[in-house]
Amino acid sequence: MSADFTSENFSAAWYLIENHSTTSFDQLKTAVVNLKKQANKKNEGSLAYVKGGLSTFFEAQDALSAIHQKLEADGTEKVEGSMTQKLENVLNRASNTADTLFQEVLGRKDKADSTRNALNVLQRFKFLFNLPLNIERNIQKGDYDVVINDYEKAKSLFGKTEVQVFKKYYAEVETRIEALRELLLDKLLETPSTLHDQKRYIRYLSDLHAPGDPAWQCIGAQHQWILQLMHNCKESYVKEQKGNALLHSPMLDLDSDVRPSPIGHLSQTASLKRGSSFQSGRDDAWRYKAPQQVVFVEKLTKLVVSQLPNFWKLWVSYVNGSLFSETAEKSGQMERSKKNARQRQNDFKKMIQEVMHSLVKLIRGALLPFSLREGELRQYGGWEMKSELSGQWLTQVIQTVRLSSESLTALEIPNDMLQIIQDLILDLRVRCIIVTLQHTAEDIKRLAEKEDWVVDNEGLTSLPSQFEQCIIRSLQSLKTVLDCKPGEASVFQQQKTQEDVCQLSIGIMQGFIDCLEQLSTKPDGDIDTSHLSADVSSPDLFGSIHEESSLSSEQRLLIGLSNCRYLERHTFLNIAEHFEKHGFQGVDKITQVSMESLKELDQRLFEMYIEFKADPIVGSLEPGIYAGYFDWKDCLIPTGVRNYLKEALVNIIAVHAEVFTISKDLVPRVMSRVVEAVSEELSRLMQCVSSFSKNGALQAKLEICALRDTVAIYLTPESKSSFKQALEALPQLSSGTDRKLLEELLNKFKSSMHLQLTCFQASSSAMMKT
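Within each chain, residue numbers correspond to sequence positions counted from 1 in written order. Given that the model is predicted, a residue must reach a pLDDT of at least 70 before its local features are reported, and side-chain atom pairs must reach 80 or more before they are shown or counted; all residues, however, enter totals for whole chains, interfaces and linings. Hydrogens are left out, water is left out, and the side-chain values use all remaining heavy atoms of the structure.

Where helices and strands are cited, they refer to DSSP runs of H or I of at least four residues and of E of at least two residues respectively, numbered from the N terminus. In terms of helices and strands, the protein chain carries 31 helices and zero strands. Taking all 770 residues of the protein chain together, 43% fall into the buried category. As displayed, the protein chain has an accessible area near 42600 Å², and 52% of this comes from carbon and sulfur atoms. Burial status follows relative accessibility: with a 1.4 Å probe on protein chains alone, a residue under 20% of its type maximum counts as buried, one over 50% as exposed, and anything between as partly exposed. Surface exposure here means Shrake-Rupley accessible area, sampled with a 1.4 Å probe, where a residue is shielded only by the protein chains that are shown.

Right, here's the structure in full:
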């Protein structure tokens, strides 16, 4: 048993131990039996195969041995050297003969095989070989997307090839792609161009991996083009203003070259609804009526509003990466672009600020040249300022700039970039107010030419009403200027503006006061009353005046006084309310100064009229008293009031009639002052008499009492005092007879002069009201 235990048996035993240590012995025995059976079958099959072919092997062995022996025998006897030499020679001759016979055929076959292989290569790689020509054709047709797709495919297949022919053709492809990059960059920087085309060219250049940053180059080019457009616009209008023809170059043909943006279109639509100044909603005749500066601002703002939105959108697309395709996003180019955009935010902000500064300074150069420095004026000005624009045109310009500001705000441009426009609007608003008030002051001065001297029932001409309406129209024209739009400051926020407007307002009021004084005090020969007519509502007024077709100085003074009275009680107060309603500052000061000046004029006119009317009456008293060598110490018994006093009363009644004809409201004031003057003179004359006889005292008392009782309703403390002093200068009447005579003579006087004295009684109601 030990003899049979070989190394193979040991290995088998070890295999059983390693792999079947848990197998039962019976199972192992069964397995051994099965293995033996399989081994026996295999051995039996191999052995049977050998047994079956054994005879054939022996026959072959015998045949080979016989051939070997025969060949050796023949070679030894007939052939010298190797026994296969002859066979080799025969085979070589056969080969040479075959070559001679089939060389041409085989050559043609090799050539055909080579051609076939070349055609197979061309067919397989015809995409690369045809690509340079296809690129040129597609570029000519503008099919840049096809070119980019083919280039990406070729780059992925042959970009790293080592095959020379492939490298040669791929180099041709790269040459044409580089030319395409230059072409696309030129188209990108070409102006004018639509935002759609700009985005398209940037995307193409991105897909072609163009060097640098084409998007930023495009933004820079657009920025410079907008600035150039703005300055060329100014130059064209300045030249046209100076008499040169407008240059219609592509850069200036804004109607065709300027690209309308959605926001610009909306702004213009809004302007039509609000009655704005955009020329798209105006008749062409407006161009010929408006000053060149106004048309220029319209054109300039239209240009900026149409260009800046696309410029801003291009920047936004650059920042968020939407300029680039999905391929660029996958390659990481979008992230690089966003990083570049973040680094260039300050540069772009400076671009926007430069556009805004240019816009504002160009407008200032046209409308507010005094707000620019000398160097800026040379660059942004150049206009011929023959006369300053009226408030109406400045209001139009303000509306235009406001609409432009609203359009730019809608782009969500930061407010700090647009603040300079708000500052411009504020300065324009302030200037518009100043100019409007200055022109209003000039219009007020010319109101004197419109005075028709037609007096209504209240003793007024149309002048106060014209003055008030002129002020109201002026303020109404400033309503849109004074109103603050969102983001705008009040025009009165600066103290200087408040002071200037206050002084101009006072100047307007003072100008009208001067106008009244000029009309009321000019010499008779300087006034034209040929157009004088009566008011329909008061046909009797000025009846006699109309016949003479002239106004006396006294009548013009009365009309001036009547107008002053109405101005003080109504017009100036109404104007003050309008000033407050429109937000004017310092209205109290305006009213106070104006009222004081008006009262001074009123007093001057009043004194002049009293001087005209009272002085002759006063001057006639003393000659009348002493007419006929009358002597207070030696006179007859009184028989009535003497004629001098009756004449004085008639003259007073004439004054009353003249005043009442023009303005019954002035009667008490004028009559009271005339009575004061007459009573004062009468008192002085009585006090100058050294002595009175009994009859003289009675005569003096009769005349003093007659005058006092007649004008009783117009007595003032001053006139009462004068009458009292006059009576005190007379001797007292001691007898009842004298007092009775005095009373009888007074009644006789009042009865005889009843008709003439009626005016004094009729005015009592007016006196009481006043």
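Our focus in this paragraph is the confidence of the model for the protein chain. On a scale of 0 to 100, pLDDT captures the predictor's confidence in every residue. Looking at the protein chain as a whole, its pLDDT mean stands at 79, while 80% of the residues score no less than 70. Contacts between residues were defined by any pair of non-hydrogen atoms, one from each residue, lying within 4.5 Å. Low pLDDT, under 50, characterises residues 244-286; the predicted model gives this stretch 83 contacts beyond four residues in sequence or across chains. Counting interchain partners and residues more than four positions distant, the pLDDT-below-50 stretch residues 763-770 has 12 contacts.

Ring pairs are drawn from Phe, Tyr and Trp, using the six-membered ring of Trp, whenever the two centres fall within 6.5 Å, and their geometry is named by plane angle: stacked under 30 degrees, edge-to-face over 60, tilted for the rest. Enumeration over the complete set of coordinates arrives at 14 aromatic pairs. For the pair phenylalanine 311 and phenylalanine 348, a centre-to-centre distance of 5.2 Å together with 35° between the ring planes defines the contact as tilted. Of this pair, phenylalanine 311 sits in helix α12 (residues 292-320) while phenylalanine 348 sits in helix α15 (residues 345-367), and the two are 37 residues apart along the sequence. Residue classification places phenylalanine 311 among the buried residues on the basis of a relative accessible area of 1%.

Turning next to the pattern of salt bridges. The term salt bridge refers to a side-chain nitrogen of Lys or Arg lying within 4 Å of a carboxyl oxygen of Asp or Glu. If you walk through the whole model with that rule in mind, you get 29 salt bridges. For glutamate 658, the salt bridge is made with lysine 613, and the minimal N-O distance between the two is 3.3 Å. Separated by 45 residues along the polypeptide, glutamate 658 in helix α25 (residues 643-662) and lysine 613 in helix α24 (residues 587-625) bring together distant segments of the chain. Grouping residues by exposure puts glutamate 658 and lysine 613 together as buried. The partner of lysine 750 in a salt bridge is aspartate 709, and the shortest N-O contact between them spans 3.6 Å. Highlighted residues: lysine 750 in helix α29 (residues 736-752) and aspartate 709 in helix α27 (residues 694-710), separated in sequence by 41 residues. Put simply, Glu136, Glu172 and Arg176 are held in one network by salt bridges that share partners.

The criterion is simple. A nonpolar core is a set of buried Ala, Val, Leu, Ile, Met, Phe, Trp, Tyr and Cys residues joined through side-chain atoms within 4.5 Å. Core analysis: the largest hydrophobic core is formed by 190 residues, its most contacted members being Ile421, Phe467 and Met686. It is helix α18 (residues 415-445) that contributes the most residues to this core, 16 residues altogether. Dropping the residues within four chain positions of it, methionine 686 is found in contact with Ile625, Trp632, Phe692, Ala700, Ile704, Ala726, Ala729 and Leu730.

This brings us to the packing of helix α6 (residues 164-189) against helix α8 (residues 214-241). Every axis corresponds to a line fitted to the C-alpha atoms, with the helix fit spanning only the stretch in contact, and the corresponding angles, defined between N-to-C directions, vary from 0 to 180 degrees. At their nearest, the axes of α6 and α8 sit 9 Å apart, and the two run at 30° to each other. You can see that α6 and α8 cross each other, and the crossing is right-handed. Counted together, Leu185, Leu188 and Leu189 of α6 and Pro214, Gln217, Cys218 and Ala221 of α8 form the full contact between these two elements. Note on residue categories: nonpolar means Ala, Val, Leu, Ile, Met, Phe, Trp, Tyr, Cys or Pro, charged means Asp, Glu, Lys or Arg, and polar means any other residue, Gly included. When its residues are assigned to classes, the contact of α6 with α8 shows six nonpolar, one polar and no charged. Handedness of a crossing is defined here by the sense of rotation of the near helix relative to the far one, left-handed for an anticlockwise turn of less than a right angle and right-handed for a clockwise turn.

Let us look at unusual backbone geometry. Although it is not a glycine, tryptophan 453 adopts a positive phi angle of roughly 60°. With respect to the helices and strands, the residue tryptophan 453 is situated in the loop between α18 and α19 (463-477). One non-glycine residue, tyrosine 629, lies in positive phi territory at about 55°. Position of tyrosine 629 relative to the elements: it lies in the loop between α24 and α25.

Time to look at α27. Residue pairs spaced three or four apart in an α-helix point in one direction, given the helix's 3.6 residues per turn. Here the expected length of a helix is defined as 1.5 Å per residue gap, with one fewer gap than residues. Here α27 is 17 residues long and its end C-alpha atoms lie 24 Å apart, about the 24 Å a rise of 1.5 Å per residue gives. For α27, the tally of buried residues reaches 12 of 17 residues, placing the bulk of the element in the interior. Buried within α27 we find Gly696, Ala697, Leu698, Gln699, Ala700, Leu702, Glu703, Ile704, Cys705, Ala706, Leu707 and Thr710.

In this section: the environment of lysine 155. For lysine 155, the location among the structural elements is in helix α5 (residues 144-158). By relative accessible area, which is 35% here, lysine 155 ends up partly exposed. For the pair lysine 155 and valine 173, spaced 18 residues apart in sequence, the C-alpha to C-alpha distance is 9.3 Å. For lysine 155, the residues in contact, after removing those within four places along its chain, are Tyr170 and His209.

The topology assignment puts glutamine 498 in helix α21 (residues 495-521). Sequence-wise, glutamine 498 and valine 430 are 68 residues apart; in three dimensions their C-alpha atoms are separated by 9.9 Å. Look past the residues within four positions of glutamine 498 in its chain and what remains in contact with it is Phe492 and Gln585. Pairs of N or O atoms are called polar contacts if they sit within 3.5 Å, as long as, within protein, a hydrogen donor faces a hydrogen acceptor (for residues adjacent in sequence, only side-chain-to-side-chain pairs). For glutamine 498, the side chain forms a polar contact with the main-chain oxygen of phenylalanine 492, separated by 2.6 Å.

Computed over the protein atoms alone on a 1 Å grid, cavities are sets of points where a 1.4 Å probe fits but cannot get out and pockets are open sets with protein on both sides within 12 Å along at least five of seven lines; a residue lines them when it has an atom within 4 Å of a point. Grid points are joined across faces, edges and corners, and a volume is the space filled by probe spheres set on the points. Within the structure shown, the criterion is met by one cavity of 30 Å³ or more. One number sums up the size of the largest cavity: a volume of about 30 Å³. As for the largest cavity, its lining consists of Ala366, Leu367, Met385, Glu388, Leu389, Leu394 and Arg431.

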